[in-house]
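Working through the structure, step by step
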Amino acid sequence: MRILVVTSSHFKEYGGPFTAISQKIKYLNEKNIKNKLIYKSSNNYNYNLDLKPIIEDYDIVHIYGIWRPFLAKVFLIAKLLKKKIVISPLGAMEPWALNQKKLKKLIAWKLYQKKILNSADVVHATCNEEAENLINNSITSKIEIIAHGIEDSQKVLKKETSNKIKKIIFFSRIHLKKGILELIDCWKDLDTQITWQLDIYGPISDKKYYELMLKKIRVNNLENNIFYKGSVFNKQDKDQIFKNANAFILPSKNENFGISIGEALSYGLPVLTTTETPWKLINEYQAGYVFPFSRENIMTYLNKLFLLNDEELYQMGLNSQKLINENYKLNTIFEQYVELYKRLLL
């Protein structure tokens, strides 16, 4: 079994997809399964790849992403070489995503993208909601649902007993779809007696949005309550940030998975996020609060979280880790990918 993994761009600032792909390559290497990762660009450097001899050397081509001409070219060559093809759209077929650059995507959809997806051996979705959206967009290829795995944080939870200021963290890209401006709007109306601060971490995907974020913090006199801490990619630094936090929030308008949510849960953090993410299990496990995206709901559930005492936060954190251990163990998830690849080669 020889696996070629293909994506258009591969760099840390890409967030969840970078993590998911990197973890998969590591797992395949550990299991001595021949694999290769190729991509068109990384950190503003474009590679000129001779694709045909690369693709010829592999049994299965797993393409992460859609729309990009590079990915369409890989698909076409793989198809001509009669290779098995798996495509992971990475949330690109979600309603919110389709409404961004809508006309351009509609043209690409009619010209080539629908045909590509319907000619793949398997289209991979990370959750039931993503699979339903693929079906609603007339995708007739076989759809396999496999979540992303979450690495065990190894964090042992301890009860908080101090009266220090607590930290709720946002750890994701600085981008319109992440709901940061609405979060800041809510913060200015919170009770001034709250003993929580908001720390924002993430690469800047949208410079104008980032500038708006800073302006909103400044205009609302929140410089002592909300802090933008920049991008963090170093594993040890990230580990410390999550270990020192008390809760996590991602009020996103659209996520096909949201790896940072899973990471926060693995560290035993209560999580606030939206029903626009596939994390409804959080409510079932009482590991935080999941709610429809709106400014009013963000406000409501922030207040609910901030009213919890230390014992309640501790129990919610235990529930968070239980959720991950029972549903998203890294090796269990990657075993599902390997089984999928084996079935394709029968």
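Note that the structure is a prediction, hence the values are computed from the model and not measured.

1. Focus on the overall build of the chain
When helices and strands are tallied, the chain shows 14 helices and 13 strands. Over its C-alpha atoms the chain spans a radius of gyration of 21 Å, differing by no more than 12% from the 20 Å that the globule rule assigns to 346 residues. Its C-alpha atoms give the chain principal-axis dimensions of roughly 65 × 40 × 35 Å. The long-range fraction of contacts in the chain, counting pairs at least 24 apart against all pairs at least 6 apart in sequence, stands at 71%. Accessible area for the chain stands at about 16700 Å²; split by element, carbon and sulfur atoms hold 49% of it. The distance from the centre of the 50 positive side-chain charges to the centre of the 36 negative ones in the chain is 7 Å.

2. Observations concerning helix 7 (residues 180-187)
Within helix 7, eight of the eight residues are buried, leaving the element largely enclosed by the surrounding structure. By the burial criterion, the buried members of helix 7 are Ile 180, Leu 181, Glu 182, Leu 183, Ile 184, Asp 185, Cys 186 and Trp 187. In this structure, the buried side of helix 7 is in contact with strand 8 (166-171), strand 9 (196-201), helix 8 (207-219), strand 10 (226-228), strand 11 (247-250) and helix 12 (295-306).

3. Some remarks on the sheet that holds strand 10
Spatially, 10-9-8-11-12-13 is the arrangement adopted by the six strands of the open sheet, whose pairing is parallel. Either end of the sheet is taken by a strand with one partner, and the two such strands are strand 10 and strand 13 (288-291). For this sheet, the mean inter-axis angle between neighbouring strands, taken without regard to orientation, is 20°. Bridging between strand 8 and strand 9 involves six bridges; their strand directions are parallel. Residue pairing for strand 9: Ile 168 is matched across the bridge by Leu 198. Across the sheet, helix 7 lies against strand 8, strand 9, strand 10 and strand 11, angled at about 165° from strand 9, the strand it touches most. This element, helix 9 (residues 235-244), spans strand 8, strand 9 and strand 11 of the sheet and lies at about 135° to strand 8.

4. Concerning the packing of helix 1 (residues 16-30) against helix 14 (residues 330-344)
Helix 14 packs onto helix 1 with a crossing angle of 75° between their chain directions and a minimal axis gap of 11 Å. Considering the angle they form, helix 1 stands roughly perpendicular to helix 14. Only Leu 330, Asn 331, Phe 334, Glu 335, Tyr 337, Val 338 and Tyr 341 of helix 14 make contact with helix 1, whose side of the interface consists of Ala 20, Gln 23, Lys 24, Tyr 27 and Leu 28. Looking at the contact of helix 1 with helix 14, its residues break down into eight nonpolar, two polar and two charged.

5. Re the pattern of salt bridges
A full pass over the atoms with the stated rule returns 19 salt bridges. Lys 166 is the partner of Asp 310 in a salt bridge, and the nearest nitrogen-oxygen pair spans 3.0 Å. In this pair, Asp 310 sits in helix 13 (residues 310-327) while Lys 166 sits in strand 8, placing the two residues 144 residues apart along the sequence. By relative accessible area, Asp 310 is classed as partly exposed at 21%. For Lys 166, a relative accessible area of 9% translates into the label buried. With a closest N to O distance of 2.3 Å, Arg 295 and Asp 189 form a salt bridge. Of this pair, Arg 295 sits in helix 12 while Asp 189 sits in the loop between helix 7 and strand 9, and the two are 106 residues apart along the sequence. With a relative accessible area of 40%, Asp 189 lands in the partly exposed category.

Cut-offs used in this document
- Residues numbered from 1 in each chain as written.
- Predicted model: local features only at pLDDT ≥ 70, side-chain atom pairs only at ≥ 80, totals over all residues.
- Heavy atoms only, no water.
- Helix = DSSP H or I, 4+ residues; strand = E, 2+ residues; numbered from the N terminus.
- Rg over C-alpha atoms; globule rule 2.2 N^0.38 Å.
- Contact = heavy atoms within 4.5 Å.
- Areas by Shrake-Rupley, 256 points an atom, 1.4 Å probe, with all protein chains shown as cover.
- Lys, Arg positive; Asp, Glu negative; His and termini not counted.
- Charge placed at Lys NZ, Arg CZ, Asp CG, Glu CD.
- Buried < 20%, exposed > 50% of the residue type's maximum accessible area, 1.4 Å probe, protein only.
- Pairing = 2+ DSSP bridges.
- Axes fitted to C-alpha atoms, helices over the stretch in contact; angles between N-to-C directions.
- Parallel < 35°, antiparallel > 145°, perpendicular 65-115°, else oblique.
- Nonpolar A, V, L, I, M, F, W, Y, C, P; charged D, E, K, R; others polar.
- Salt bridge = Lys/Arg side-chain N within 4 Å of Asp/Glu carboxyl O.

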